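Chains, contacts and geometry: an overview
If you want the building blocks of each chain, they are given just below.
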Amino acid sequence: MRRRTAVIAAGSAAAVGLAAAGVVYTAGGDEPAASAEAAGATATVEQQDLARSEEVVGTLSYGEAHTLTGAKPGVVTWLPEPGTVITAGDAVYDVDNAPVVAMTGDLPLWRNLAPGVEGPDVAQLESNLVDLGYEGFTEDDAYTDATAEAVEEWQEDLGTEETGTVAVGDVLFSPNTVRVADQLAAVGDPANGPVLAYTSDERRVTVQLEIADQDLVAVDQAVAVVLPDGTEAAGTVSAVGQTVTGAEEGSDGPETVEVTVAVDDQAALGDLVSAPVTVELVSEVHEDVLTVPVEALLALREGGYGVEVVDDGTTHLVPVETGVFADGRVEVSGDLEAGMAVAVPS
């Protein structure tokens, strides 16, 4: 869902509304200059950076939960509590009172590893052993007797049987650190079924962004995430979906794409696990431009807009071209200079 920044809508409507109400002005006409008293309140033409921004509603969470299915026969004898973060070398759960250990890697352990075996799964195991501080073997893709000795040392430290081999189910390879979302099994259940639900260990924000607003985001774009208590956390757009989701049947809602925002400072999120948040998107920045309050815009009879410049007790109309509307002001270009006073109709 989208919530447009009010100043953008109000800015455009302020000028258009004048024309709709029949309040129009003629640029360059023969009318004598009006007195400054008729101008009412005034504001100053400012030179500044102006950014078009919009606010969209998103959801903060740890992301989609995935199911971990056990691959080792036996009985579950221990499970971590929800919220536990599991890193390489940690026990994921216990089977028959022996830990199934997490290691970093893209490939699953699909076969038993023992001396004589070669392949990328061996390379993953040896890389993890080195990272965990075990030595005495060559880090490559060959499982040698030296590898087996390092595995025995690792198994001794775990308190498990020192076989020198790694069986399917002894290790769970994962490319990223994970967080336990839920226990899907209980102590005493068979270990070769669904055991845990897990997510990423970092919270992120997902936004269902209307197709019409796709130009507001790009991968690596910096954004601000506003939490329910009003505090802000810095974020970065990490993904923009390529699949369009239509409105639910019977609904006239817009088509959307999913945008994912990574939160740069996880500590800024406190203890929040899931919450609605607002994401501030800045899509267009115009630097060092002249601006006036949107209320200063006047609709011209011949089309376009102007502002009424107040000078030495009189006023005169100056046609302007408009640019970005933001923060209650509008970018203008024309026969204007910073510091000039313009009338703001009441």
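To be clear, the structure that these remarks concern was listed above.
Numbering of residues begins from 1 in every chain and follows the order in which that chain's sequence is written. The predicted origin of the model limits local features to residues at a pLDDT of at least 70 and limits the giving and counting of side-chain atom pairs to 80 or more, whereas totals for whole chains, interfaces and linings rest on all residues. The side-chain numbers reported here are obtained from all heavy atoms of the structure, hydrogens and water having been left aside.

Observations regarding the overall build of the protein
Starting at the N terminus, helices and strands are each numbered in turn, a helix being any DSSP run of H or I of at least four residues and a strand any DSSP run of E of at least two. In terms of regular secondary structure, the protein is built from 4 helices and 22 strands. Burial status across the protein gives 39% buried among its 346 residues. Only heavy atoms enter the contact rule, under which two residues are in contact if any of them lie within 4.5 Å. Put simply, 68% of the contacts in the protein that link residues at least 6 apart link residues at least 24 apart. The protein chains shown are the only cover counted for residues, whose accessible areas, like all others here, come from Shrake-Rupley with a 1.4 Å probe. As displayed, the protein has an accessible area near 17,600 Å², and 48% of this comes from carbon and sulfur atoms. Buried means the residue's accessible area, taken with a 1.4 Å probe over protein chains only, is under 20% of the maximum for its type, while exposed means over 50%, and partly exposed covers the values in between.

Overview of the sheet that holds strand β9 (residues 98-104)
Strand order in this open sheet of 4 strands is β6-β8-β9-β10, and the pairing throughout is mixed. Since the sheet does not close on itself, it has two edges, and those belong to β6 (76-78) and β10 (171-174), each with one partner. Averaged over all pairs of adjacent strands, the angle between their axes in this sheet comes to 35°, without regard to strand direction. Pairing between strands is defined by DSSP: at least two bridges between the two strands are required. Angles here are taken between N-to-C directions and fall from 0 to 180 degrees, while the axes themselves are lines fitted to C-alpha atoms, restricted in helices to the stretch in contact.

Comments concerning the side chain of K72
Structurally, the position occupied by K72 is in the loop between β5 (66-69) and β6. In contact with K72, not counting residues within four places along its chain, are V95, V100, V168, G169, D170, A191 and N192.

So, the environment of T256
Along the polypeptide, T256 turns up in strand β16 (residues 256-263). Not counting residues within four places of it along the chain, the set of residues in contact with T256 comprises Q208, L209, E210, I211, T243, V244 and T245.

A short note on the packing of aromatic side chains
Aromatic pairs are defined between Phe, Tyr and Trp rings, using the six-membered ring for Trp, whenever the two ring centres lie within 6.5 Å; interplanar angles under 30 degrees are classed as stacked, those over 60 as edge-to-face, and all others as tilted. Tallied over the entire structure, the rule returns 0 aromatic pairs. Whether a charge sits over a ring comes down to the Lys NZ or Arg CZ being within 6 Å of the ring centre and within 35 degrees of the ring normal. Of note, R179 hangs over the ring of Y62, and the distance from its end group to the ring centre comes to 4.0 Å.

Observations regarding the sheet that holds strand β12 (residues 194-200)
Ordered by their spatial adjacency, 4 strands build an open sheet running β5-β12-β11-β7, and the pairing between neighbours is antiparallel. A single partner strand is all that each edge strand has here, and the edge strands are β5 and β7 (85-86). Taken together, the 5 bridges between strand β11 (residues 178-183) and β12 define a ladder with antiparallel strand orientation. Note on β12: the bridge partner recorded for V180 is Y198.

Details of empty space enclosed by the protein
Two kinds of site are reported from a 1 Å grid over the protein atoms alone, namely cavities, where a 1.4 Å probe fits but cannot get out, and pockets, open sets with protein on both sides within 12 Å along at least five of seven lines, and residues are called lining when an atom falls within 4 Å of a point. Grid points are joined across faces, edges and corners, and a volume is the space filled by probe spheres set on the points. Scanning the entire structure with this criterion turns up 1 cavity of 30 Å³ or more. Computed from the structure, the largest cavity encloses a volume of approximately 40 Å³. Around the largest cavity, the lining residues are V56, V207, L209, V217, V259, V261, V279 and L281.

A closer look at the pairing of strand β22 (residues 341-344)
Judged from the 4 bridges that link them, strand β3 (residues 41-44) and β22 form a sheet pairing that is antiparallel. Within β22, the residue paired with T42 across the bridge is A343. Both strand β19 (residues 305-311) and β22 contribute to a ladder of 2 bridges, which runs antiparallel. Its bridge partner being in β22, V310 is matched across the sheet by A341.

Quick look at the nonpolar core
Ranked by internal contacts, the top residues of the largest apolar core, which has 21 residues, are V205, L209, V259 and L281. Put simply, the parts of the chain that give this core at least two residues each are β4 (46-61), β13 (204-210), β14 (222-226), β15 (232-240), β16 and β17 (275-293). Of all the elements, β16 adds the most residues to this core, at 4 residues. Residues within four places of V205 in sequence aside, it is in contact with G58, T59, L60, V225, V259, T260, V261, V263, V277 and V279. To qualify as a nonpolar core, a set must consist of buried Ala, Val, Leu, Ile, Met, Phe, Trp, Tyr and Cys residues joined through side-chain atoms within 4.5 Å. Core analysis: the next-biggest nonpolar cluster, separate from the first, contains 18 residues, V117, V122, V151 and V171 among them.

Quick look at the pattern of salt bridges
Counted as salt bridges are all cases of a side-chain nitrogen of Lys or Arg within 4 Å of a carboxyl oxygen of Asp or Glu. A complete count under the given rule lists 2 salt bridges for this structure. The salt bridge partner of K72 is D170, with a shortest N-O separation of 3.0 Å. In this pair, K72 sits in the loop between β5 and β6 while D170 sits in the loop between α4 (145-158) and β10, placing the two residues 98 residues apart along the sequence. Like D170, K72 is buried. Among the salt bridges present, the one from R111 reaches D121, with a minimum N-O distance of 2.7 Å. Separated by 10 residues along the polypeptide, R111 in the loop between β9 and α3 (120-131) and D121 in helix α3 bring together distant segments of the chain.

Here we look at α4
One less than the residue count of a helix, multiplied by 1.5 Å, gives the span that helix is expected to have. Taking 1.5 Å as the rise per residue, α4 with 14 residues should run 20 Å; its terminal C-alpha atoms sit 20 Å apart, in good agreement. Every buried residue belonging to α4 is among T147, A148, A150, V151, W154 and Q155, and all of these are buried. Seen along its axis, α4 keeps its buried residues to an arc of 160°; they face one direction. The outward face of α4, more than 90 degrees from its buried face, is lined by the exposed residues D145, E149 and D157. Phi turns positive, to about 85°, at G159, one or two residues after α4. What the arc measures is the spread of directions leading from the helix axis to the C-beta atoms.

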